[in-house]
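Single-letter residue listing:
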Amino acid sequence: MARKNKPAKTAPAKPRTPAPAAKPWEHAKSGEGSASDPLAARFVESLSYDRRLYKHDIAGSIVHARMLNVVGLIKPKELKEIERGLSEIGKEIEAAGADYGAAWPGWKVELEDVHMCIEAALIEKIGDAGRKLHTGRSRNDQVAADLMFWIRDSIWGLGKKFSPLFRALFTLAERDGGIVMPAYTHLQRAQPIVVGGELIAWAQAFSRSLDRFDALYELLEFPLGSGAIAGSSLGIDRKETAWFAERANLLDDFDKPDLTRSSIDGTASRDMACDFLYALAMTAMTLSRWAEQWIIYASTEFSFITLDNRYTTGSSMMPQKRNPDMLELIRGRCGNVYGHLVALLTILKGLPIGYNRDLQEDKRHVFAAYDIVSDSIEMAARIVATTKFNEAKIAQGLDRGFLDATSLAEYLVTKGVPFRTAHQVVGALVRSCESRGYHKLGQLTLDDFNAACAAASQPKVCANDVYDWLGPENVVKRYRTYGNAGVSGFAEQLKAWKERLK
Ligand code: ARG
């Protein structure tokens, strides 16, 4: 069939986007290079996410310039101009509002990244002195240093986020910690514990996360001064830069000093980013396990806890619903954090040594994982701070599941029965309860207990005191081992946490 309207011969004119300016550092190439193809410019840029490093980039440039001045590569007057220019730029970016000064006119995507934008703005501001800043430096050591500064600050920031979570767990433990509850292995009823024993368990796991972050400080190495890959023939003094960085609170005590020992490794390695992501992944994993536990406890079937309404959502169809969405998202986002760790490991696995542009992707994953974990810790603290354990509900089912069976076996041990035999005796007693329709070992008579002993060729050792070893309330008072989840262990752990939170 013939077309009614012939297609136009030429496509309608598209609104023209002005050609981006050429990159000022691409002198060896003819023409405008990648800057002249908008897709290439967008493809190669990292500015959209690495401008988050602007404070660290500026601070790193200042300490580099101070070193350049000390070794005579720039004059004191030039240093002054650089410092003034950079600090003005920092203030301008700060004033340009949310999302790391997104509205700052100096962010020019054709300049690729935070480093080039800030340097270009400096040169525009102060001229030739600005052109000296990059002496003996490459973006390769610059970005490695910036990221290291950022990670160090973020570890510090995470440490502060953990405190409200510890406090909330502690406060809840002080209030509801004495409630007797079943502990589960294989999600089957195991032994009785007190609520506080379990709360402290989470606190322990989270505090180990914090320790893991703290340990990272020790592993950080300072790469600035490595240049592009091979170092520099100029009189760059890396220890001097590190000294200034320490004074500027960009580094911790640098008397070791942990300079990266190879300029090649210093620019090629992203170990610190992987270590940081692993520590984040471990934190996310613990948060996720805790979230899962509380999702189960909040179900109608368990009803062990009641979540505050602020941290549940309704259903668009089922009017009665109170869904634990915040907990579910903490659990779900753990998957994203793992993804970021695995993404970076995968990015790195095929890279030849030396800088490769693939490394630019590191920051996406580090930032994204950090944001998730940081938000999740904060969310967790709020949920813990507003949750109640339902003593009556928990007590209702406490006599189900023969929680005191192990305690009874231990009673027999105190009377001289070998543990394996005691285990067998109690197993038989549980079966006998079940066949008689009893749900508690305490329903058995002394004759029942002693008959079971005799059946296992043991003396009839059970006396009236056996009943002191039965029933969850009795059992939680009997645990004596260090770190136990009953009354004595909880009291001891609570005391230690009180000290710690002081
Ligand atoms: N934006 C880059 C990054 O994040 C900076 C390094 C670029 N270096 C280079 N040689 N092209 O890794």
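Residues numbered from 1 in each chain as written. Predicted model: local features only at pLDDT ≥ 70, side-chain atom pairs only at ≥ 80, totals over all residues. Heavy atoms only, no water.

## With respect to the overall build of the chain
Here is step 1: A count of helices and strands for the chain gives 20 helices and four strands.
Here is step 2: For the C-alpha atoms alone, the extent of the chain along its principal axes is close to 100 × 80 × 40 Å.
Here is step 3: Residues classed as buried in the chain amount to 49% of the 502 residues present.
Here is step 4: Total accessible area on the chain stands at roughly 25,600 Å², and carbon and sulfur atoms take up 54% of it. (Helix = DSSP H or I, 4+ residues; strand = E, 2+ residues; numbered from the N terminus. Buried < 20%, exposed > 50% of the residue type's maximum accessible area, 1.4 Å probe, protein only. Areas by Shrake-Rupley, 256 points an atom, 1.4 Å probe, with all protein chains shown as cover.)

## Re the packing of aromatic side chains
To describe a pair of aromatic rings, one takes the distance between the centres and the angle between the planes.
Here is step 1: Per the counting criterion, the structure on display carries 18 aromatic pairs.
Here is step 2: Ring geometry for Trp150 and Tyr370: centres 5.2 Å apart, planes at 75°, overall edge-to-face. In this pair, Trp150 sits in helix α8 (residues 139–176) while Tyr370 sits in helix α14 (residues 362–386), placing the two residues 220 residues apart along the sequence.
Here is step 3: Residues Phe302 and Phe304 carry aromatic rings whose centres are separated by 5.1 Å and whose planes lie at 75° to one another, so their mutual orientation is edge-to-face.
Here is step 4: Judged by relative accessible area, Phe304 falls into the buried class, the value being 3%.
Here is step 5: An aromatic cluster of three or more residues is present, and its members are Trp150, Phe213, Phe276, Phe367 and Tyr370.
Here is step 6: Cation over ring: Arg500 sits above Phe166, and NZ or CZ is 5.7 Å from the ring centre. (Phe/Tyr/Trp six-rings, centres within 6.5 Å; stacked < 30°, edge-to-face > 60°. Lys NZ or Arg CZ within 6 Å of the ring centre and 35° of its normal.)

## Considering the pairing of strand β2 (residues 188–194)
Here is step 1: Two strands pair when backbone bridges link them, and strand β1 (residues 180–185) and β2 are joined in this way by six bridges, in the antiparallel orientation. Each residue of the ladder has a partner; that of Tyr184, found in β2, is Arg189.
Here is step 2: Counting the residues in the hairpin turn of β1 and β2 gives two residues, including His186, whose phi is positive at 55°. (Pairing = 2+ DSSP bridges.)

## Examining the nonpolar core
One broad trend across soluble globular proteins is that nonpolar side chains are buried collectively.
Here is step 1: By size, the foremost hydrophobic cluster in this structure holds 120 residues, and its most contacted members are Phe222, Phe276, Leu280, Trp290 and Trp294.
Here is step 2: Not counting the four nearest positions on each side in its chain, Leu280 is found in contact with Leu158, Phe213, Val337, Val366, Ala369, Tyr370 and Val373.
Here is step 3: Counting residues in each nonpolar core, the second largest holds 24 residues, with Leu441, Leu444, Ala452 and Val466 among its members. (Core = buried A, V, L, I, M, F, W, Y, C linked by side-chain atoms within 4.5 Å. Contact = heavy atoms within 4.5 Å.)

## Points about the confidence of the model for the chain
Should the pLDDT be low somewhere, the predicted coordinates at that spot are not to be read in detail.
Here is step 1: For the chain, mean pLDDT is 93; residues scoring 70 or higher make up 94% of the total.
Here is step 2: Across residues 6–20 the pLDDT falls below 50, and counting only partners more than four positions away or on other chains, this stretch makes four contacts in the model. (pLDDT = per-residue confidence, 0-100.)

## Looking at the pattern of salt bridges
As a working rule, side chains carrying opposite charge can pair if their charged atoms are close by.
Here is step 1: According to the stated counting rule, one finds 32 salt bridges in the structure shown.
Here is step 2: Between Lys23 and Glu112 there is a salt bridge; the shortest N-O distance is 2.3 Å. With Lys23 in the segment before α1 (38–44) and Glu112 in the loop between α5 (98–101) and α6 (114–126), this pair connects stretches of sequence that are 89 residues apart.
Here is step 3: Residue classification places Lys23 among the buried positions, given a relative accessible area of 4%.
Here is step 4: Glu112 gets classed as buried once you look at its relative accessible area, which sits at 3%.
Here is step 5: As a salt-bridge pair, Lys132 and Glu78 come within 2.8 Å of each other at their nearest N and O atoms. Here Glu78 lies in helix α4 (residues 76–95) and Lys132 lies in the loop between α7 (128–131) and α8, a separation of 54 residues in the sequence.
Here is step 6: Residue classification places Lys132 among the partly exposed positions, given a relative accessible area of 29%. (Salt bridge = Lys/Arg side-chain N within 4 Å of Asp/Glu carboxyl O.)

## Focus on the site of the ligand
Here is step 1: Around the ligand, the neighbouring residues are Ser46, Asp50, Asp113, Arg139, Asn140, Val143, Tyr355, Arg357, Gln360 and Lys363.
Here is step 2: Within the side chain of Tyr355, a nitrogen or oxygen atom sits 2.4 Å from an oxygen atom of the ligand.
Here is step 3: One of the side-chain nitrogen or oxygen atoms of Lys363 is found 2.7 Å away from an oxygen atom of the ligand.
Here is step 4: Look at the ligand: alone it shows 350 Å² of surface, and the protein chains cover 86% of it.
Here is step 5: Residue composition of the shell around the ligand, grouped by class: two nonpolar, three polar and five charged. (Near = heavy atom within 4 Å. Polar contact = N/O pair within 3.5 Å; in protein donor to acceptor, adjacent residues only side chain to side chain. Nonpolar A, V, L, I, M, F, W, Y, C, P; charged D, E, K, R; others polar.)

## Points about unusual backbone geometry
Leaving glycine out, the prevailing phi sign among residues is negative, and the prevailing peptide bond configuration is trans.
Here is step 1: For Asp99, which is not glycine, the phi dihedral falls at a positive 55°.
Here is step 2: Its location among the elements puts Asp99 in helix α5.
Here is step 3: The exposure class of Asp99 is partly exposed, given its relative accessible area of 46%.

## Topic: a nonpolar patch on the surface
Here is step 1: Taken together, the side chains of Ile229, Ile264 and Ile353 present a nonpolar region at the surface, about 260 Å² in accessible area.
Here is step 2: The class of Ile264 is partly exposed, set by a relative accessible area of 34%. (Patch = residues over 30% accessible without salt bridge, like charges linked within 9 Å, V, L, I, M, F, W, Y side chains within 5 Å.)

## Topic: α8
Here is step 1: Helix length check: α8 (38 residues) gives 54 Å between terminal C-alpha atoms against 56 Å at 1.5 Å per residue, within 8%.
Here is step 2: Buried residues dominate α8, accounting for 27 of its 38 residues.
Here is step 3: Of the residues flanking the start of α8, the one acting as N-cap is Ser138, its side-chain oxygen 2.8 Å from the backbone nitrogen of Asn140. (Expected span 1.5 Å × (residues − 1).)

## Digging into the environment of Asn484
Here is step 1: Mapped onto the secondary structure, Asn484 falls in the loop between α19 (472–478) and α20 (487–501).
Here is step 2: Accessibility expressed as a relative area gives 7% for Asn484, which makes it buried.
Here is step 3: Separated by 278 residues in the primary sequence, Asn484 and Phe206 place their C-alpha atoms 18 Å from one another.
Here is step 4: Excluding anything up to four places from it in sequence, Asn484 contacts Tyr479, Gly489, Phe490 and Gln493.
Here is step 5: There is a polar contact of 2.9 Å between the side chain of Asn484 and the side chain of Ser488.

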